[in-house]
Amino acid sequence: MGGGGWAILATLLTTALLIYDLEKPERFLYILLRPQWKSWLTRGAVILIGFSTVSALWWLGTATDVLSASMHTLFAVVTLPLAAATAAYTAFLFAQAEGRDLWQSPALPLHLIVQCLMMGSAVYLLLGWAPSAEMVTAARITFAASLVVDAFLLVFGELGVPHASEIAARAAHEIREGRYRTLFWRDAIVFGHLVPLLLVWFGGGVPGAAAALLAGYGLYAYEYAFVTAPQEIPNS
């Protein structure tokens with residue numbers, strides 16, 4: 001199916017999960033038909049639809065070999081900012097939840113883009129698919145670099161810096177040293193970053209696929225703690 005096809009599938013799955021999370025699916029139509037443009041829920045829905053549409057057209061054009069080189073360049077120019085917005089819009093949606101201070105981090109949009117690069121390159125390692133040897137090498141380098149940057153942002157960016165409020169500091173403490181410390185240090189940092197970084201050093205194939213799976217699990221472990229811990233801290 002190729003990288004483009006998997007990107008479309010993942011985006012459609014994300015959209016389906018978001019609609020399901022609304023509990024009443026008809027609310028999604030309400031968001032589109034009567035949009036509140038100041039809400040990142042509305043903006044996020046439009047971004048997801050835009051990215052899915054443009055990337056699907058690009059993928060179909062590539063699969064049917066009807067696109068010229070200049071059209072490929074045009075699609076790349078249009079798709080890249082949409083892809084970045086798809087990765088990062090959740091940070092701004094979280095920022096509107098002003099009752100959860102830990103979610104107000106200005107580093108969160110960058111962090112989500114780094115995680116997007118990490119898991120996007122992980123797909124190539126997991127499936128053992130790439131159009132060229134150069135792409136395989138690029139995927140390994142991108143995966144390794146994003147693991148390092150993401151680990152740095154986790155330890156020193158999201159949780160290690162002084163926080164603007166006591167509530168945010170307490171939530172970060174719960175992740176680092178409290179109820180979620182095992183999930184954070186063992187599952188997210190060690191199994192989700194350090195071990196995949198070691199495995200990908202040995203190349204693709206089985207080590208690369210194992211690295212990709214562990215990185216995905218580590219990302220899930222951290223995001224679970226990051227989303228859940230602030231909600232358990234009373235706001236007053």
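Residues numbered from 1 in each chain as written. Predicted model: local features only at pLDDT ≥ 70, side-chain atom pairs only at ≥ 80, totals over all residues. Heavy atoms only, no water.

Draft legend 1. Representation of the overall build of the chain in the model. Assigned secondary structure in the chain consists of nine helices and zero strands. Reading the secondary structure of the chain in the N-to-C direction produces α-α-α-α-α-α-α-α-α. For 236 residues, the compact-globule formula gives about 18 Å, and the C-alpha radius of gyration of the chain, at 19 Å, lands near that figure. Projecting the C-alpha coordinates of the chain onto the three principal axes gives extents of approximately 60 × 50 × 25 Å. A burial count over the chain gives 36% of its 236 residues as buried. For the chain, long-range pairs separated by at least 24 residues make up 68% of all intrachain contacts whose partners lie at least 6 apart in sequence. Within the structure as shown, the chain displays about 13200 Å² of accessible surface, and the carbon and sulfur contribution to it stands at 71%. The centroid of the 12 positive side-chain charges in the chain is displaced by 6 Å from the centroid of its 15 negative side-chain charges. (Helix = DSSP H or I, 4+ residues; strand = E, 2+ residues; numbered from the N terminus. Rg over C-alpha atoms; globule rule 2.2 N^0.38 Å. Buried < 20%, exposed > 50% of the residue type's maximum accessible area, 1.4 Å probe, protein only. Contact = heavy atoms within 4.5 Å. Areas by Shrake-Rupley, 256 points an atom, 1.4 Å probe, with all protein chains shown as cover. Lys, Arg positive; Asp, Glu negative; His and termini not counted. Charge placed at Lys NZ, Arg CZ, Asp CG, Glu CD.)

Draft legend 2. Up close: the environment of glutamate 223. As for its position among the elements, glutamate 223 is in helix α9 (residues 205–231). Sequence-wise, glutamate 223 and phenylalanine 184 are 39 residues apart; in three dimensions their C-alpha atoms are separated by 9.3 Å.

Draft legend 3. Looking closely at the packing of helix α4 (residues 69–95) against helix α5 (residues 108–127). Between α4 and α5, the least distance of the axes is 8 Å, while the angle of their chain directions is 145°. Handedness of the α4/α5 crossing: right-handed. Touching Ala84, Ala87, Ala88, Thr90, Ala91, Phe92 and Phe94 of α4 are Leu108, Pro109, Leu112, Ile113 and Cys116, all from α5. For the contact of α4 with α5, the residue count by class is eleven nonpolar, one polar and no charged. (Axes fitted to C-alpha atoms, helices over the stretch in contact; angles between N-to-C directions. Left-handed = near helix turned anticlockwise from the far one by under 90°. Nonpolar A, V, L, I, M, F, W, Y, C, P; charged D, E, K, R; others polar.)

Draft legend 4. Structural view of the packing of helix α7 (residues 166–176) against helix α8 (residues 181–200). For the pair α7 and α8, interaxial distance at closest approach is 5 Å and the crossing angle is 55°. If you check the angle between α7 and α8, you find them oblique. The residues of α8 that touch α7, namely those facing Glu174, Ile175 and Arg176, are Arg181, Phe184 and Trp185. Per-class residue counts for the contact of α7 with α8 are three nonpolar, no polar and three charged. (Parallel < 35°, antiparallel > 145°, perpendicular 65-115°, else oblique.)

Draft legend 5. Representation of the environment of alanine 188. Checked against the element boundaries, alanine 188 lands in helix α8. Separated by 26 residues in the primary sequence, alanine 188 and leucine 214 have C-alpha atoms spaced 9.0 Å apart. Apart from residues lying up to four places away in sequence, alanine 188 is in contact with Leu183, His193, Gly218, Ala221 and Tyr222.

All quantities given are derived from atomic positions and should not be read as evidence of function.
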